[in-house]
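Here is what each chain is made of, one letter per residue.
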Amino acid sequence: MKRFLRTSLIRAVTSLNLDEMMLRYQSRRAGGHGPVVQVVGMHETLQEDAERLRRQLEWVEKRFTFISPETFFGLWDHTRTPPNWSKPAVLVTFDDGRESNYTVAAPMLESLGTRGLFFVVPEFIGLTGSDARDFYYSNIDIRGLAPAESEEQWTPMNADQLADLMRRGHSVGNHTLSHARLSDLSISQLRDEVEGGSEKIASWTQGPVEAFAWPYSWSEITRQSWDLIRATHRFCFSPCPGTTDCSSDSPYLIWRTEIEAYYSTAEYRFMYSGAINPVWAGRRRRLQSMLNA
Ligand SMILES: [Zn+2]
């Protein structure tokens, strides 16, 4: 029923072109567009979805300014004048560290003149064959599904590919050492997952790990884990939709909208329009009050 309502709503909004209207409204409200960013969160970017993803990103390119992680990180430096882009900004991020992000998504972003932010799970990185599959279905996709036939679904990147992404101007972030639920952990387990994860990534990429993204739902975070994330990273990304104003929002609570490579045209247009954002306002407020408590 929920699925049916969602599909009907998306169909109604896009068939009336309400999504384009909302985009124009958001654009006007953002004014000079400088520091307001829509952060997109994706997972797998399979070869079979490559054409779909290309069409999505080309649609985005006409309506938004793609920004790289480096540009995004620089927006928080209030000593600089905010840029004045003609269109609102989009940063594309990926969770979990699948190899399809390296083979399909990274070159596509480069062909559009931008770069991505890849949140990876160090204990998953470099696994092969049944080790990769078993880890994937016990730690990353825990819905209890039968393993996909195509190993592309569960094959992770390796450490050389992460280092190569960094060399090519992309950024690698920490998605916890083992894809753990932060809200369930003791302080010493939290240290392993948060600090241990970023130390492992830094040993591969030879650079600082600036960004952290917690796994699972918007509410799988605690004040204690936040304190540790803040002590060890410059940015924390949430799985909670919204747009982020880098001149006034906290760098430890960056809103992120899940928009997948396999989404239909109607679905991604709906998600980029921001039409979903009001639905999440209560959850954004709850996270803000938890962070500021
Ligand atoms: Zn994840």
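To be clear, the structure that these remarks concern was listed above.
Everything numeric here is computed off the predicted structure, so don't read it as measured data. (Residues numbered from 1 in each chain as written. Predicted model: local features only at pLDDT ≥ 70, side-chain atom pairs only at ≥ 80, totals over all residues. Heavy atoms only, no water.)

1. A word on the side chain of Ser-238
Within the secondary structure, Ser-238 is located in the loop between strand 7 (235–237) and strand 8 (244–245). Ser-238 sits in the buried class, given a relative accessible area of 0%. Every residue in contact with Ser-238, bar those within four places of it in the chain, is listed here: Trp-214, Leu-253, Ile-254, Trp-255 and Arg-256. (Helix = DSSP H or I, 4+ residues; strand = E, 2+ residues; numbered from the N terminus. Buried < 20%, exposed > 50% of the residue type's maximum accessible area, 1.4 Å probe, protein only. Contact = heavy atoms within 4.5 Å.)

2. Digging into the pattern of salt bridges
Counted according to the given criterion, the structure contains 13 salt bridges. With a closest N to O distance of 3.4 Å, Arg-133 and Asp-134 form a salt bridge. By relative accessible area, which is 30% here, Arg-133 ends up partly exposed. Classification of Asp-134 as partly exposed rests on a relative accessible area of 42%. (Salt bridge = Lys/Arg side-chain N within 4 Å of Asp/Glu carboxyl O.)

3. Overview of the environment of Glu-61
Position of Glu-61 relative to the elements: it lies in helix 3 (residues 50–63). A C-alpha to C-alpha distance of 34 Å links Glu-61 and Asn-139, two positions 78 residues apart in sequence. Sequence-distant contacts of Glu-61, that is, excluding residues within four places in its chain, are made with Phe-66, Lys-87 and Leu-112.

4. Some remarks on the coordination of the zinc ion
Taken together, the protein donors to the zinc ion comprise Asp-96 (OD), His-175 (NE2) and His-179 (NE2), at separations of 2.1 to 2.2 Å. Spacing between the donor residues of the zinc ion along the chain follows D-x78-H-x3-H. Separated by 79 residues along the polypeptide, Asp-96 in strand 3 (residues 89–96) and His-175 in the loop between strand 5 (171–174) and helix 8 (187–205) bring together distant segments of the chain. In terms of burial, Asp-96 and His-175 fall into one category: buried. (Donors = N, O, S within 2.8 Å, 3.2 Å for Na, K, Ca; no water.)

5. Overview of the state of the cysteines
Here, disulfide denotes a covalent bond that connects the sulfur atoms of two cysteines. Applying the stated criterion across every chain, the model contains zero disulfides. Free cysteine: Cys-236, not disulfide-bonded; nearest cysteine sulfur from Cys-240 at 12 Å. Cys-236 gets classed as buried once you look at its relative accessible area, which sits at 0%. For the unlinked cysteine Cys-246, the closest cysteine sulfur is that of Cys-236, found at 15 Å. (Disulfide = S-S within 2.5 Å.)

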